[in-house]
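Summary of structural features
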Amino acid sequence: MPRMSRKRPGVLVAAALFAAALSAQAQEVNLYTTREPGLIQPLLDAFTAETGIKVNSIFVRDGLAERVMAEGTRSPADVLMTVDFGNLIDLVEKGLTQPVESAVLNEAVPEHLRGKDGQWYALSMRARVVYAAKDLPIDSFTYEQLDDPEWRNRLCLRSGQHPYNTAMIAAHIVYHGEEATLEWLEGMKQNLGRAATGGDRDVARDIMGGICDIGVGNSYYVGLMRSGRGGPEQVKWGEAIKVILPTFENGGTHVNISGAAVARYSPNRDEAVRLLEYLVSDDAQKLYAEANFEYPVKRGAEIDPIIAALGDLEVDPTPLVDIARQRDAASRLVDRVRFDR
Amino acid sequence: MRPADSSIESASIGSGAAPAAFGRPRWNPWLIAAGVVALAVAAPIVALVATASAGSEELWSHLIASVLPTAVRDTLVLLAGVGVLTALIGTGTAWLVAAHDFPGRRVVDWALLLPLAVPTYIIAYAYLDVLHPVGPLQTALRAMLGIDSPRDFRLPDIRSMTGCILVLGFVLYPYVYLTTRAMFLMQSANLIDAARTLGAGRARVFLRVALPLARPAVAIGVSLALLETLNDIGAAEFLGVRTLTVSVYTTWITRSDLPGAAQIALAMLIVVLCVVLVERWARRQRRFANDAQHPRPLARQRLRGGRGLLALAACAVPVFVGFVVPTWYLLDQTIARVRFAGVSAAIPREVLNTVTLSAVATVLAVVCALVVVYAARVGRGQAPRLLVRTASLGYAVPGTVLAIGLLPVITGIEAFVDSAASRLLGASTGLFLLGSGAAVVYAYVARFLTISAGSLEAGFSRVSPSIDAAARTLGAGAVRTLIRVHVPMLKPAIATGALLVFVDCMKELPATLLLRPLGFETLATHLYGEAVRGTYEEAAIAALLIVAVGLVPVLILTRVGARGPAEAGMTISARAAVPEQGAAAAPPDQTA
């Protein structure tokens, strides 16, 4: 596999110009993404505006790996992007990615947020936080408390099989083992105020509607709701809740990532790397924060005020790869306690 | 053309197969063409079997211990609930409309079909919003009762089994309505008139005569509604009901166990085939019930005053719940959204993409259906009919599962053509199917061929074999007979089948999502992209357009139905994957 040094930009620019002169097609990059198109389009537009490289994207939800695998060596995919590290690591394990050596990427993305050999890179983070009814007298929370009988019939969250939840449960397994997690899940199931389904924003609306008092959701939805970007109605949902950044008892707040990798048979490899590098640039990281209310991965990049107001994020130190390894076990435990039924 | 003997003759033959003695070559090109079509449909399922056999350790012990008991129970409860509800609504309204006259009957007669245009996943989103404690209904209710907080008073949550059954029942009942209405109108007039003459009251006529006679039609309609229920994952999952289909997804997506998912999907396919067998059994019964020699239209009884209004109300409720409320909701959301953020510039392009893909797939599905069904007509023995069944298999597999099965098939074809082209022409064809949208069309045809095939079979069964014989005696070949004689006579059947295929293609989501080209969006994928991040309101425009475009074929369908209700009914009934010609179902004057 050809590796490319990013240390001599002059040579690269020349190479890029040469490649561009050879073929107009080279100024394209093909993106396969499980990321909702509305969330990344502003970033892609900015990339095209800056580099002149056109981005062709396809949003695939289920079956991204299967499609890329079936396409094989003919696959036009250059960049594979997912909204969950489990899926991203899956792509690596299925051999659908290739290593990237880029000083830019390595400098921008902290080591625990990227794969070995540059097989994948996190681009943004979202915290799994607790939404609580505005008037509840609580200020701090641990994930371990979610099964507390105090919350009997008062807890709302989306399907236990959703990747955001299986990742959180997998993190619990890393800390406490499967047996304790099983009990924890059983307690949480007892606490459910309604069927575990829908999306994270439904949690806020259901708290407003009196169905639940606490719930679990991603941090950026709070920004989307409170900013009014989801429409005036959702401002009310966002205002009906207060947000607590929970932690594990001996750890920090569980985060998931959106991330990307260069596809193994990428026909436009240079452009693919450039897209990744762009996405961790100051401009793009700012856009992630502003447009999507996510936490930037780049150290020192600014966080949106709405999100910053939620409190200081102390990221749980458990390596994502360790959590990913427990995903299967987490999913089975969810089945075992019939969480979604 | 009105061959007076058609019903009798085809009844005696029983399947509408033409006498095959007229100049048919021994080596039948129709059979080969039909074989190709059947192979194309069966290929993804074969690929699934291959995937499944890759093995998945200790999957089934986990499933049996933790998943299957509740998943099977929930699936059965859901199917039973939806079955009962669609049967009640469909049969009840059909009986009111077919056997009675009351104010507004003409309107509800076609309006009752409107929910066909609303995809189940859209109606689930709509009702969650409308019925939510902070939604319009409960807010108004609280205002009326003088209660401030939803914490003090709220209705039961719609995200439950009951909610799911209600939502699906009110959107799927038209299948029962359509088949049963046709049956009431065409089949039982004589007997019902006789019962009335003999002094039986209304209820007695319905319960003792009309209903038993219509039972097979009810069974057909219900089995169609149940297939839709089984294959629909969006609405059920959204409302918190975890059927077996959801287990397929969990196994595949969350646990990255595709072989395991394929195993569950195939196990479900067997269940679905059982449903289909029940439906076939029901149709077998129907043939038995169809002996009336000279059916006449049913004389409608007038319902006056309060009774008439009651009948109107009973028919209006399903239309309101299944169509008016969700459409009103979408309209409201769309207006609010357009004011707030304008219309996405991509929408016209997406409409065009949606219509183009659906139209191409519809034409192909009709042509393939003609080939398969005509091959069965001119062919001898069981082989051609087996091919028809095989070609109808795609509908019995959930959309995503079919798409996953199609992936290796499509890329296999691409690889073969690519290497051939490289060798012979020195040019690479690359991913010409996935890259062009042809893969999506393939998926549509494979999935919905059964609709057009069933429709054509029903149509063909009304064309007396003596007509084939006459055409062939006069020197026309098989192709000429088909094009000059059959196709003109089959226009209503072709139209009905085509319209239904078109509506289904438009609504199709999972295969479109997985198999479409880069940067290519349809209304359904746009809708999904928004819905999946919880911004349903932004999806309202796309959802409304799906309903609006879907409405056109449904409205045309109601007109086709008005010309020949039995035609429409039989066409829909043919969706159940195993076409069995109810040869004598049509009265002689329906042939042309």
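Residues numbered from 1 in each chain as written. Chains lettered and ligands numbered in written order. Predicted model: local features only at pLDDT ≥ 70, side-chain atom pairs only at ≥ 80, totals over all residues.

The next point concerns the overall build of chain A. When helices and strands are counted, chain A shows 14 helices and ten strands. Against the 2.2 N^0.38 benchmark of 20 Å for 341 residues, chain A shows a C-alpha radius of gyration of 21 Å, consistent with a compact globule. Overall, chain A is about 65 × 40 × 30 Å in size when its C-alpha atoms are taken along their principal axes. Split into buried and exposed, the 341 residues of chain A put 56% on the buried side. (Helix = DSSP H or I, 4+ residues; strand = E, 2+ residues; numbered from the N terminus. Rg over C-alpha atoms; globule rule 2.2 N^0.38 Å. Buried ≥ 20, exposed ≤ 12 C-beta atoms within 10 Å, placed from the backbone.)

This brings us to the overall build of chain B. Check the secondary structure of chain B and you find 24 helices and two strands. When each of the 592 residues of chain B is scored for burial, the buried share is 57%. When contacts within chain B are restricted to residue pairs at least 6 apart in sequence, long-range pairs at least 24 apart make up 85% of them. (Contact = placed C-beta atoms within 7 Å.)

With 294 residues, the main nonpolar core has Val79 and Leu80 of chain A together with Val372 and Ala443 of chain B as its most contacted residues. Broken down by element, this core gets its largest block of residues, 16 residues, from helix 7 (residues 161-186) of chain B. (Core = buried A, V, L, I, M, F, W, Y, C linked by C-beta atoms within 7 Å.)

Right, let's get into the interface of chain B and chain A. Every contact between the two is made by 50 residues of chain B and, on the other side, 48 residues of chain A. Listed by contribution, the elements that provide at least two residues to the side of chain B that touches chain A are helix 3 (59-99), helix 10 (234-238), helix 11 (244-254), helix 16 (399-424), helix 21 (510-515) and helix 22 (523-531) of chain B. Ranked by residues supplied to the side of chain B that touches chain A, first place goes to helix 16 of chain B with seven residues. Partitioning the side of chain B that touches chain A into residue classes produces 20 nonpolar, 17 polar and 13 charged. (Nonpolar A, V, L, I, M, F, W, Y, C, P; charged D, E, K, R; others polar.)

Moving on, we get to the domain arrangement of chain A. Residue and element names in this part refer to chain A. Partitioning chain A into structural domains gives domain 1 (9-125 + 255-304) and domain 2 (127-254 + 309-336). A C-alpha centroid distance of 28 Å is found between domain 1 and domain 2. Elements with a contribution of two residues or more to the side of domain 1 that touches domain 2: helix 4 (85-93) and strand 9 (255-263). Here the side of domain 1 that touches domain 2 takes four residues from helix 4, the largest share from any one element. Residues belonging to the side of domain 1 that touches domain 2 are distributed by class as follows: five nonpolar, five polar and three charged. (Domains from an automatic or database assignment.)

Attention now goes to the pairing of strand 2 (residues 54-59) of chain A. Residue and element names in this part refer to chain A. In this structure, strand 1 (residues 28-33) lies alongside strand 2, joined through six bridges in parallel fashion. Residue Asn30 lies in a different strand from strand 2, and its bridge partner there is Asn56. With helix 2 (residues 37-51) bridging strand 1 and the parallel strand 2, this β-α-β connection has right-handed handedness. (Pairing = 2+ DSSP bridges. Right-handed = clockwise from strand over helix to strand, strands pointing away.)

In terms of burial, helix 10 (residues 269-279) of chain A is a largely internal element, eight of the eleven residues being buried. Along helix 10 of chain A, the residues classified as buried are Glu271, Ala272, Val273, Arg274, Leu275, Leu276, Glu277 and Leu279 of chain A.

A word on the confidence of the model for chain A. All names here are of chain A. Confidence along chain A averages 89 in pLDDT terms, with 92% of residues attaining 70 or more. Per-element mean pLDDT across chain A ranges from 45 in helix 1 (residues 9-22) up to 97 in strand 4 (residues 97-98). Below pLDDT 50 for its whole length, residues 1-25 participates in 14 contacts with residues either more than four positions away or in separate chains. (pLDDT = per-residue confidence, 0-100.)

Another point: unusual backbone geometry. Residue and element names in this part refer to chain A. Non-glycine residue Asp117 carries a positive phi angle of around 60°. Asp117 sits in the partly exposed class, given 13 other C-beta atoms within 10 Å. In this structure, Phe293 is a non-glycine residue whose phi angle is positive, near 60°. Along the chain, Phe293 turns up in the loop between helix 11 (282-292) and strand 10 (295-296).

Residue and element names in this part refer to chain B. At a minimum axis separation of 8 Å, helix 2 (residues 29-52) and helix 16 run at an interaxial angle of 90°. Relative to helix 16, the element helix 2 lies roughly perpendicular. For the pair helix 2 and helix 16, contact is made by Ala43, Pro44, Ile45, Ala47 and Leu48 and by Val401, Leu402, Gly405, Leu406, Pro408 and Val409, respectively. Residue composition of the contact of helix 2 with helix 16, by class: ten nonpolar, one polar and no charged. (Axes fitted to C-alpha atoms, helices over the stretch in contact; angles between N-to-C directions. Parallel < 35°, antiparallel > 145°, perpendicular 65-115°, else oblique.)

Turning to the environment of Val417 of chain B, a few remarks are in order. Residues and elements named next belong to chain B. Along the polypeptide, Val417 turns up in helix 16. Classification of Val417 as partly exposed rests on a count of 15 C-beta atoms within 10 Å. Between the C-alpha atoms of Val417 and Leu431, which are 14 residues apart in sequence, the distance is 9.6 Å. The contacts of Val417, once residues within four sequence positions are left out, are Thr429 and Phe432.

Residue and element names in this part refer to chain A. Between helix 2 and helix 11, whose axes approach to 10 Å, the crossing angle comes to 150°. Here helix 11 runs roughly antiparallel to helix 2, going by the angle between their axes. Helix-helix and strand crossings are classified by hand; for helix 2 and helix 11 the assignment is right-handed. Here Leu39, Pro42, Leu43 and Ala46 of helix 2 come into contact with helix 11, specifically with Asp283, Ala284, Leu287, Ala291 and Asn292. A per-class count over the contact of helix 2 with helix 11 returns seven nonpolar, one polar and one charged. (Left-handed = near helix turned anticlockwise from the far one by under 90°.)

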